[in-house]
Amino acid sequence: MLQKLETLNKVIHAGVVAVIRGETKMTAYKAAQACINGGIKAIEVTFTAPHADEIIAELKEQYQADPEVVIGAGTVLDTATARIAMIAGAEFIVSAAFNQEVAKLCNLYAVPYSPGCMTPNEIQSALTYGADLIKLFPGSVIGQQAITAIHGPFPQANLMITGGVHLDNLKEWFEKGAVVLGAGSDLTGAAKRGDFASVTARAKQYRAVITQIKSQN
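Since this is a predicted model, take the numbers as computed values, not measurements. Sequence order sets the numbering: in each chain, residues are counted from 1 along the sequence as written. Totals for whole chains, interfaces and linings use every residue, but because this is a predicted model, local features are given only for residues with pLDDT of at least 70 and side-chain atom pairs only at 80 or more, for both listing and counting. To get the side-chain values, take all heavy atoms of the structure and skip hydrogens and water.

K.L.:
I keep staring at the side chain of glutamine 144 and nothing clicks. Help me out?
P.N.:
Relative to the helices and strands, glutamine 144 resides in the loop between helix H7 (139–142) and helix H8 (145–150). Separated by 3.2 Å, the side chains of glutamine 144 and glutamate 172 make a polar contact. The criterion used for residue contact is that any of the two residues' heavy atoms lie within 4.5 Å. Non-local contacts of glutamine 144, meaning those with residues more than four positions away in its chain, are made with Asn169, Glu172, Trp173 and Lys176. Elements are defined by DSSP. Helices are runs of H or I of four residues or more, strands are runs of E of two residues or more, and each kind is numbered from the N terminus. In protein, a polar contact requires one atom able to donate a hydrogen and another able to accept it; more generally it is a pair of N or O atoms within 3.5 Å, and residues adjacent in sequence count only if both atoms are side-chain atoms.

Structure representation (structure tokens):
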């Protein structure tokens with residue numbers, strides 16, 4: 001369980017998890033590389049990307065010498081996908097919705113699980129099954145005020161916000177009580193047109209803001 005705690009701490013320490021999608025394996029892989037090069041070293045490779053398990057395995061091998069890099073799997077909807085991701089080397093599992101069987105599998109193998117939740121009932125179920133990081137999704141729909149409301153009955157919940165996270169609202173999400181944020185199109189959007197240098201530049205902007213926020217806490 002110590003390894004599980006260390007992984008969770010690495011994700012939270014990163015401040016931002018880059019949500020990696022792509023129409024091709026190469027696009028997704030290069031987008032992940034660009035984020036890491038820019039200082040965003042927590043990577044969620046979604047299983048909507050072709051050959052996501054191969055991307056995870058190759059990223060793990062490439063960055064094994066960097067202790068700050070942590071590679072996870074996203075859009076994990078069932079246990080079969082979760083196990084494939086783990087075998088590939090995924091260090092954490094993220095889903096758009098809570099799944100009891102995925103939660104149990106992650107607990108069995110001591111892998112942090114972050115299920116997407118919107119309602120108090122979903123959050124309570126996720127916590128009951130040992131979810132380590134509750135993903136409030138989509139953040140653009142739930143809104144920042146929801147964090148305060150959720151922490152009323154669930155002060156123990158570690159919340160990750162995904163959806164609606166942008167460079168200019170990072171500080172606001174953290175001030176409301178998020179422990180980590182998931183950034184997608186605002187961070188990696190330039191990858192769609194093959195402009196990975198712009199993804200790296202955007203990641204550097206994210207890293208600068210996160211560093212400033214953490215220095216004030």
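On we go.
K.L.:
Whenever I open this one, the packing of aromatic side chains confuses me. Can you help?
P.N.:
Geometrically, a pair of aromatic rings is defined through the distance of the ring centres and the angle of the planes. In this analysis, rings of Phe, Tyr and Trp, with Trp reduced to its six-membered ring, are considered paired at centre separations within 6.5 Å, and the interplanar angle assigns stacked below 30 degrees, edge-to-face beyond 60, and tilted for intermediate values. A complete count under the given rule lists two aromatic pairs for this structure. Arranged with centres 6.5 Å apart and planes meeting at 40°, the rings of phenylalanine 98 and tyrosine 113 form a pair that is tilted. Placement of the pair is phenylalanine 98 in the loop between strand E4 (93–95) and helix H5 (100–108) and tyrosine 113 in strand E5 (residues 113–117), with a sequence separation of 15 residues. Their ring planes at 55° and their centres at 5.8 Å tell us that phenylalanine 98 and tyrosine 129 sit as a pair that is tilted. One end of the pair, phenylalanine 98, is in the loop between E4 and H5; the other, tyrosine 129, is in the loop between helix H6 (120–128) and strand E6 (134–136), with 31 residues separating them in the sequence. Take tyrosine 129: its relative accessible area is 28%, and that puts it in the partly exposed class. Charge-over-ring contacts are defined here by two conditions on Lys NZ or Arg CZ: a distance within 6 Å of the ring centre and an angle within 35 degrees of the ring normal. Across from the ring centre of tyrosine 109, 4.1 Å away, lies the NZ or CZ of arginine 83, which sits over that ring. Between the NZ or CZ atom of lysine 135 and the centre of the ring of phenylalanine 137, over which it lies, the distance is 4.5 Å. Accessible area is worked out with a 1.4 Å probe on protein chains only. A residue is then buried under 20% of its type maximum, exposed over 50%, and partly exposed in between.

K.L.:
Hey, could you run me through the nonpolar core in this one?
P.N.:
Taken as a class, soluble globular proteins show a tendency for nonpolar side chains to be buried jointly. Residues Ile43, Leu59 and Ile93 are the most contacted members of the largest nonpolar core, which totals 65 residues. Looking at which element gives the most residues to this core, the answer is helix H2 (residues 25–37), with seven residues. In this structure, isoleucine 43 is in contact with Val17, Ala18, Ile20, Ala32, Cys35, Ile36, Leu59, Val70, Ile71, Gly72 and Phe92, ignoring residues within four places of it in sequence. Counting eleven residues, the second largest nonpolar core, distinct from the first, contains Val11, Val17, Leu133 and Val180. Only buried residues count toward a nonpolar core. Its members are Ala, Val, Leu, Ile, Met, Phe, Trp, Tyr and Cys residues joined through side-chain atoms within 4.5 Å.

K.L.:
Quick question: what am I supposed to make of the side chain of threonine 7 here?
P.N.:
By secondary structure assignment, the location of threonine 7 is in helix H1 (residues 2–14). When neighbours within four sequence positions are excluded, threonine 7 is seen to be in contact with Val70, Glu91 and Pro112.

K.L.:
Teacher, can you tell me more about the environment of glycine 143 here?
P.N.:
Its location among the elements puts glycine 143 in the loop between H7 and H8. Here the alpha-carbon distance between glycine 143 and phenylalanine 47, two residues 96 residues apart in the chain, equals 26 Å.

K.L.:
Help me understand the environment of valine 70, please; the structure alone is not making it clear to me.
P.N.:
Relative to the helices and strands, valine 70 resides in strand E3 (residues 70–74). For valine 70, a relative accessible area of 0% translates into the label buried. With residues up to four places along the chain from it excluded, the contact list for valine 70 reads Thr7, Lys10, Val11, Lys41, Ala42, Ile43, Glu91 and Phe92.

K.L.:
Which parts of the structure should I look at to understand the packing of helix H4 (residues 79–88) against H5?
P.N.:
In a packed pair of helices, the relevant descriptors are the angle between the two axes and the axis-to-axis distance. Orientation of H4 relative to H5, taken along the N-to-C sense of each, is 25°, at an axis distance of 9 Å. Taken together, the axis directions place H4 and H5 in an arrangement best described as roughly parallel. Helix-helix and strand crossings are classified by hand; for H4 and H5 the assignment is right-handed. Packed against H4, whose contacting residues are Thr79, Ala82, Arg83 and Met86, the element H5 presents Glu101, Val102, Leu105 and Cys106 at the interface. Residue type decides the class: Asp, Glu, Lys and Arg count as charged, Ala, Val, Leu, Ile, Met, Phe, Trp, Tyr, Cys and Pro as nonpolar, and the leftover types, Gly among them, as polar. Within the contact of H4 with H5, the residues separate by chemical class into five nonpolar, one polar and two charged. Axis lines are fitted to C-alpha atoms, over the contacting stretch for helices. Their N-to-C directions set the angle, which ranges from 0 to 180 degrees. An angle below 35 degrees is read as roughly parallel, one above 145 as roughly antiparallel, one from 65 to 115 as roughly perpendicular, and any other as oblique. With the far helix as reference, a near helix turned anticlockwise by less than a right angle produces a left-handed crossing, and one turned clockwise produces a right-handed crossing.

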